[in-house]
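Next come the chains, spelled out residue by residue.
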Amino acid sequence: MPFPLSAPTFVQKYVYPLYQRSVESARYDKSAQKWVVTTQNNVSGFVEEYVSEFLVVVTGENSEGFIPNVYGLDTFKGLVIHSSEYENGKTFGDKDVLVVGAGNSGMEIAYDLCNWGAQTSVVVRSPIHVLNKELVQLGMYFLKYIRCTFVDKMVLMLSKLLYGDLGRFGIQRPLKGRFLLKKETGRSLVIDVGTISVKTGDIKVNIVITSLIPVRWTGYANVTNKDNIY
Ligand SMILES: Cc1cc2nc3c(=O)[nH]c(=O)nc-3n(C[C@H](O)[C@H](O)[C@H](O)COP(=O)(O)OP(=O)(O)OC[C@H]3O[C@@H](n4cnc5c(N)ncnc54)[C@H](O)[C@@H]3O)c2cc1C
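Just so you know, these numbers come straight off a predicted model, no measurement behind them. (Residues numbered from 1 in each chain as written. Predicted model: local features only at pLDDT ≥ 70, side-chain atom pairs only at ≥ 80, totals over all residues.)

A short note on the overall build of the protein
So, step 1. A tally of helices and strands in the protein yields 4 helices and 10 strands.
So, step 2. Secondary structure elements in the protein, listed N-terminal to C-terminal, are β-β-β-β-α-β-β-α-α-α-β-β-β-β.
So, step 3. Split into buried and exposed, the 230 residues of the protein put 18% on the buried side.
So, step 4. Sequence-distant contacts in the protein: of pairs separated by 6 or more residues, those separated by 24 or more amount to 53%. (Helix = DSSP H or I, 4+ residues; strand = E, 2+ residues; numbered from the N terminus. Buried ≥ 20, exposed ≤ 12 C-beta atoms within 10 Å, placed from the backbone. Contact = placed C-beta atoms within 7 Å.)

Section: the packing of helix 2 (residues 133-143) against helix 3 (residues 148-163)
So, step 1. At their nearest, the axes of helix 2 and helix 3 sit 9 Å apart, and the two run at 155° to each other. With respect to helix 3, the element helix 2 is oriented roughly antiparallel. Where helix 2 crosses over helix 3, the handedness of that crossing is right-handed. Mapping the contact onto sequence places Leu 135, Gly 139, Phe 142 and Leu 143 in helix 2 and Cys 148, Val 151, Met 154, Val 155, Leu 158 and Ser 159 in helix 3. (Axes fitted to C-alpha atoms, helices over the stretch in contact; angles between N-to-C directions. Parallel < 35°, antiparallel > 145°, perpendicular 65-115°, else oblique. Left-handed = near helix turned anticlockwise from the far one by under 90°.)

Describing the sheet that holds strand 2 (residues 34-41)
So, step 1. Taken together, the 3 strands give an open sheet; going across it, the order is 1-2-3, and neighbouring strands pair in antiparallel fashion. Both outer strands of the open sheet, strand 1 (21-29) and strand 3 (47-52), are each paired with one neighbouring strand and no more. Put simply, the sheet's adjacent strands are angled 20° from each other on average, direction ignored.
So, step 2. Direction of pairing for strand 1 relative to strand 2: antiparallel, over a ladder of 8 bridges. Each residue of the ladder has a partner; that of Arg 27, found in strand 2, is Val 36. (Pairing = 2+ DSSP bridges.)

What about unusual backbone geometry?
So, step 1. Even without glycine at this site, Gln 20 takes up a positive phi of about 55°.
So, step 2. Note on placement: Gln 20 falls in the segment before strand 1.
So, step 3. Even without being glycine, Gln 33 reaches a positive phi, approximately 55°.
So, step 4. Following the sequence through the fold, Gln 33 ends up in the loop between strand 1 and strand 2.

A closer look at the site of the ligand
So, step 1. Contacts to the ligand come from Ser 22, Val 23, Val 58, Thr 59, Gly 60, Asn 62, Ser 63, Asn 104, Ser 105, Glu 108 and Ile 191.
So, step 2. At the level of elements, strand 1 and helix 1 (104-115) are the ones that each hand at least two residues to the shell around the ligand.
So, step 3. Sort the elements by how many residues they give to the shell around the ligand and helix 1 lands first, with 3 residues.
So, step 4. Taken together, the residues that form the shell around the ligand break down as 3 nonpolar, 7 polar and 1 charged.
So, step 5. Two domains share the shell around the ligand, each providing at least three of its residues, namely domain 1 (12-59) and domain 2 (67-230). (Near = placed C-beta within 6 Å. Nonpolar A, V, L, I, M, F, W, Y, C, P; charged D, E, K, R; others polar. Domains from an automatic or database assignment.)

Quick word on the environment of Gly 65
So, step 1. By secondary structure assignment, the location of Gly 65 is in the loop between strand 3 and strand 4 (96-100).
So, step 2. Of the residues examined, Gly 65 has 11 C-beta atoms within 10 Å and is grouped as exposed.
So, step 3. Taking the C-alpha atoms as reference, Gly 65 lies 7.0 Å from Ser 84; in sequence the two are 19 residues apart.
So, step 4. For Gly 65, the residues in contact, after removing those within four places along its chain, are His 82 and Ser 84.

Describing the pairing of strand 4
So, step 1. Bridge analysis of strand 4 against strand 5 (residues 119-123) gives 5 bridges, and the strand direction is parallel. Note on strand 5: the bridge partner recorded for Val 97 is Thr 120.
So, step 2. A crossover connection joins strand 4 to the parallel strand 5 through helix 1; in handedness this β-α-β unit is right-handed. (Right-handed = clockwise from strand over helix to strand, strands pointing away.)

A look at the nonpolar core
So, step 1. With 27 residues, the main nonpolar core has Val 99, Ala 110, Val 122 and Val 130 as its most contacted residues.
So, step 2. Of all the elements in the fold, those that place two or more residues in this core are strand 4, helix 1, strand 5, strand 6 (130-131) and helix 3.
So, step 3. Element by element, the count of residues in this core is highest for helix 1, at 6 residues. (Core = buried A, V, L, I, M, F, W, Y, C linked by C-beta atoms within 7 Å.)

So, the environment of Trp 35
So, step 1. With respect to the element layout, Trp 35 can be found in strand 2.
So, step 2. Spatially, the C-alpha atoms of Trp 35 and Leu 55 are 6.6 Å apart, while their sequence positions differ by 20 residues.
So, step 3. Setting aside residues up to four positions removed in sequence, Trp 35 forms contacts with Ala 26, Tyr 28, Val 51, Ser 52 and Leu 55.

Written out as structure tokens, the structure reads:
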């Protein structure tokens, strides 16, 4: 839905954000016809209640961190962290690092690790679309005028010109086009920040991990198998 012409370009000054609060619950009070939102104040520790006529939920789609239960993970002696805890590759410079997952977080982390000199491998389990920001922008512009399937074909052709065949690095593309996939499933594409265009030769790509077998106290052996997906 487009913004009305009367909408201001920037958020008005009379919006006062309330920081350090975590929403615990929200319920609609039918008799009062109001939303009642309960929050935990992370500074004072108090529970607060806010009442409003409208409620807009913008808590994002990737808020909950998740580490899958990979066999051998509990006995692995190296450091295991979720991407949300990653700050930068400073302390990983001389290490072998396996990045599990090739979404935006995984690809950006792999790129950063590589820049810090880490021996980086990335697990790409499923086919992914990778485009740079310019191609995404171009596609989004043409979506206003051309059918989604045509835009997908055009963007695919341009990305092939840009990256060549990513299959040579073990990266496969989904059968459905980038924009159709987003429309039908909500799945996002990977925005290339340099992982593909700059570092593909330096970063090893694995298909899937099924287990981790410790080989020395800081290392791992990565067992890959195309048919087993955890
Ligand atoms: C590594 C990475 C790189 C990306 N790169 C790009 C890019 O280059 N370009 C691009 O367009 N998009 C990029 N994206 C996607 C983009 O970040 C998201 O699409 C965008 O941030 C979504 O915005 P949002 O406001 O919906 O959610 P978010 O940015 O996720 O914001 C949700 C907010 O809600 C808060 N929240 C959640 N639960 C509660 C609660 N109970 N109480 C209070 N607060 C809560 C969270 O703390 C968070 O601040 C990237 C994503 C990732 C992970």
